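# Structural overview for review
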Amino acid sequence: YVERVNRQLSERGIIVELDASAKDFLLLQGYSPQFGARHLYRAFEHWITEPLSRQILSTNLKPGSIARFSYQDGQMSLQFVTAGSVKTITYQEPE
């Protein structure tokens, strides 16, 4: 999924990276014993694609940026690295 998103964003010069904690979290969210990994795509859309899209539309994520996702302490974190500046947002599942 990450490669597909990176191909789509290549014209904008935006690169998406997931660290091991984000990948592990997505695997846990996207897997169930009953259905296997059938829900992995939905988990990726919910936790990665949708927040990334919101940041692109709000112009927080500019051409030439790197978007780094990580997961820690119940929160997904999205860090934008653009021309020497770094901005981080965190979000979690609504209760």
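Up top you'll find the structure we're talking about.
Here is what the cut-offs are and how they apply
- Residues numbered from 1 in each chain as written.
- Predicted model: local features only at pLDDT ≥ 70, side-chain atom pairs only at ≥ 80, totals over all residues.
- Heavy atoms only, no water.
- Pairing = 2+ DSSP bridges.
- Helix = DSSP H or I, 4+ residues; strand = E, 2+ residues; numbered from the N terminus.
- Axes fitted to C-alpha atoms, helices over the stretch in contact; angles between N-to-C directions.
- Contact = heavy atoms within 4.5 Å.
- Buried < 20%, exposed > 50% of the residue type's maximum accessible area, 1.4 Å probe, protein only.
- Phe/Tyr/Trp six-rings, centres within 6.5 Å; stacked < 30°, edge-to-face > 60°.

Remark on secondary structure: sheet strands pair via backbone hydrogen bonds, oriented parallel or antiparallel. Pairing in this open sheet of four strands is mixed, and the strands run β1-β2-β3-β4 from one edge to the other. Two strands lie at the open edges of the sheet, namely β1 (15–18) and β4 (85–91), each paired on one side alone. Recorded for the sheet is a direction-independent mean angle of 20° between the axes of neighbouring strands. Summarising the sheet, strand β3 (residues 75–82) and β4 pair through seven bridges and their orientation is antiparallel. The partner of Phe80 across the bridge, within β4, is Lys87. Sheet strands touched by helix α2 (residues 20–30): β1, β2 (66–72) and β3. Its angle to β2, the strand with the most contacts, is close to 65°. Contacting β1, β2, β3 and β4, helix α3 (residues 40–57) runs over the sheet at an angle of about 40° to β3.

One non-glycine residue, Thr59, adopts positive backbone phi at about 65°. When you line up the elements, Thr59 lands in the loop between α3 and β2. Of note in this structure, Asp73 is not a glycine but carries a positive phi near 50°. Here Asp73 shows up in the loop between β2 and β3.

Residues of β1 alternate between two faces, with Val16 and Leu18 buried on one and Ile15 and Glu17 left unburied on the opposite face. Alignment of β1 against β2, held across four bridges, turns out to be parallel. Looking at β2, one finds that Glu17 is bridged to Arg68.

This part takes up the packing of aromatic side chains. According to the stated counting rule, one finds five aromatic pairs in the structure shown. The interplanar angle of 90° and the centroid separation of 4.9 Å between the aromatic rings of Phe25 and Trp47 together place this pair among those described as edge-to-face. Of the two residues, Phe25 sits in helix α2 while Trp47 sits in helix α3, which places them 22 residues apart along the sequence. Clustering of aromatic rings is evident, with ring pairs tying together Phe25, Trp47, Tyr71 and Tyr91.

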